[in-house]
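Remarks on the overall topology
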Amino acid sequence: MSVDEYVLDTPRLRGFVDEVRAAIEASGSPAEACERIRPGFEQLLADAGWLPAQFQEAAPESGMGGGIGQWLLFRAGDGSLSLFSLVVPPGAQTPVHDHLAWGLVGLYRGTQDEEVFAPDGGALRLVDERALVPGDFYALLPPQDDIHRVRTTSPETSVSIHLLTNDTGCVWRHAYDPDTGEQSPFRSGYVNVDCENGAS
Ligand SMILES: [Fe+2]
């Protein structure tokens, strides 16, 4: 069994991960766990000091395209939890994609427009559009609202923080053509670590 990986190894981050694990352990459902995690996540988004600049940099060669960087901060050895920053340069947007895991997602820097899609008879239907500012966050509870794309609307790069209950950068997910709904296999990867166990 693999061990936990703290790419950003600080007492602040270890404390947060310990809180998250305790919340999950004490909860009977993902929704309940998200409620318990919310206060700590909100503090993380409000704290300007814990995330080093290197994890807020764009990444020209990334798997997301557009210079979008997905930086791993922590992942559990058993693949049950990951924390990462997603850095989207001004004007760039992600592919339409899913996540296949529940968790919390929030904006740390910059502003974004988010479009949320739902499957609709083989196609995709736009079900929500939101403008996000720093401190905004939501619980992601798939399959509800699991398909989206985000675009940076600020003149500065946007940075969002993702706490999800899989190894999001390394699992095979789906990207979608928003016009036809056609799916394709999608693995975003991380800028700063490899996906060693690529099987399944
Ligand atoms: Fe996403």
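Above this text you will find the structure in question.
Predicted model only: the values in this text are computed from it and were never measured. (Residues numbered from 1 in each chain as written. Predicted model: local features only at pLDDT ≥ 70, side-chain atom pairs only at ≥ 80, totals over all residues. Heavy atoms only, no water.)

Brief notes about the overall build of the chain
This is how the line gets drawn: A run of H or I in DSSP becomes a helix once it reaches four residues, and a run of E becomes a strand once it reaches two; helices and strands are each numbered from the N terminus. Here the globule rule is a power law, 2.2 Å times the number of residues to the power 0.38, and the radius of gyration is based on C-alpha atoms. Burial status follows relative accessibility: with a 1.4 Å probe on protein chains alone, a residue under 20% of its type maximum counts as buried, one over 50% as exposed, and anything between as partly exposed. The criterion used for residue contact is that any of the two residues' heavy atoms lie within 4.5 Å. His residues and chain termini do not enter the charge count, which takes Lys and Arg as positive and Asp and Glu as negative. Every charge is mapped onto a representative atom, which is NZ of Lys, CZ of Arg, CG of Asp or CD of Glu.
When helices and strands are counted, the chain shows two helices and twelve strands. Put simply, the chain runs from its N terminus to its C terminus through helices and strands in the order β-α-α-β-β-β-β-β-β-β-β-β-β-β. Computed over C-alpha atoms, the radius of gyration of the chain comes to 16 Å, within 12% of the 16 Å expected from 2.2 N^0.38 for 200 residues, which places it in the range of a compact globule. Taking all 200 residues of the chain together, 50% fall into the buried category. Taking all contacts inside the chain whose residues are at least 6 apart in sequence as the whole, residues at least 24 apart take part in 71%. Between the averaged position of the 13 positive side-chain charges in the chain and that of its 30 negative side-chain charges there is a distance of 2 Å.

Some remarks on the nonpolar core
Rules: The term nonpolar core refers to a set of buried residues drawn from Ala, Val, Leu, Ile, Met, Phe, Trp, Tyr and Cys, joined through side-chain atoms within 4.5 Å.
Judged by nonpolar contacts, the single largest core of 30 residues is most densely connected at Phe41, Trp50, Leu51 and Ile161. Put simply, the parts of the chain that give this core at least two residues each are helix H1 (11-26), helix H2 (30-46), strand E2 (69-75), strand E3 (82-88), strand E5 (103-109) and strand E10 (158-164). Ranked by the residues each element gives to this core, the list is headed by H2, at six residues.

Observations regarding the pattern of salt bridges
Applied cut-off: Salt bridge, as used here, is a side-chain nitrogen of Lys or Arg placed within 4 Å of a carboxyl oxygen of Asp or Glu.
This structure, assessed with the given rule, holds twelve salt bridges. The partner of Arg125 in a salt bridge is Asp120, with the nearest N and O atoms 3.2 Å apart. Judged by its relative accessible area of 39%, Asp120 is partly exposed. When salt bridges that share partners are traced, they join Glu5, Arg75 and Asp167 into one network.

Brief notes about H1
To keep it simple, the criterion reads: Any helix carries an expected span of 1.5 Å times its number of residues minus one. Directions pointing from the helix axis toward each C-beta atom define the arc.
Between its first and last C-alpha atoms H1 spans 22 Å; for 16 residues at 1.5 Å apiece the expected length is 22 Å, and the two agree. Turning to H1, its buried residues are Leu13, Phe16, Val17, Val20 and Ala23. Projected down its long axis, H1 carries its buried residues within an arc of 120°, all on one side. In this structure, H1 carries Pro11 and Glu25 as exposed residues pointing more than 90 degrees from its buried face. Residues of H1 that are buried sit in contact with strand E1 (5-6), H2, E2, E3 and E10.

Structural notes on the state of the cysteines
Rules: The disulfide definition used here is simple: a pair of cysteine sulfur atoms within 2.5 Å.
Applying the stated rule across the entire model yields one disulfide. Cys170 shares a disulfide with Cys195; S-S distance 2.0 Å. Negative torsions about the S-S bond denote left-handed disulfides, and the value of about -80° found for Cys170 with Cys195 makes this one left-handed. Of this pair, Cys170 sits in the loop between E10 and strand E11 (173-176) while Cys195 sits in the segment after strand E12 (183-186), and the two are 25 residues apart along the sequence. Each member of the pair Cys170 and Cys195 is classed as buried.

Re the coordination of the iron ion
Heads up, the rule is: Ligating atoms shown are N, O and S within 2.8 Å of the metal, or 3.2 Å for Na, K and Ca, and water is not included, meaning a site may look less than complete.
Bound to the iron ion are the protein donor atoms His97 (NE2), His99 (NE2) and His148 (NE2), situated 2.1 Å from the metal. In the primary structure, the donors to the iron ion are separated according to the pattern H-x1-H-x48-H. A residue pair is termed long-range when its members are at least 10 positions apart, and His97 in strand E4 (residues 96-97) and His148 in strand E9 (residues 147-152) qualify at 51 residues. Across this residue pair, the class does not change: His97 and His148 are buried.

Side note on the side chain of Ser27
Tracing the chain through its elements places Ser27 in the loop between H1 and H2. Ignoring sequence-local partners within four residues, the contact set of Ser27 consists of Glu32, Ala33 and Arg36.

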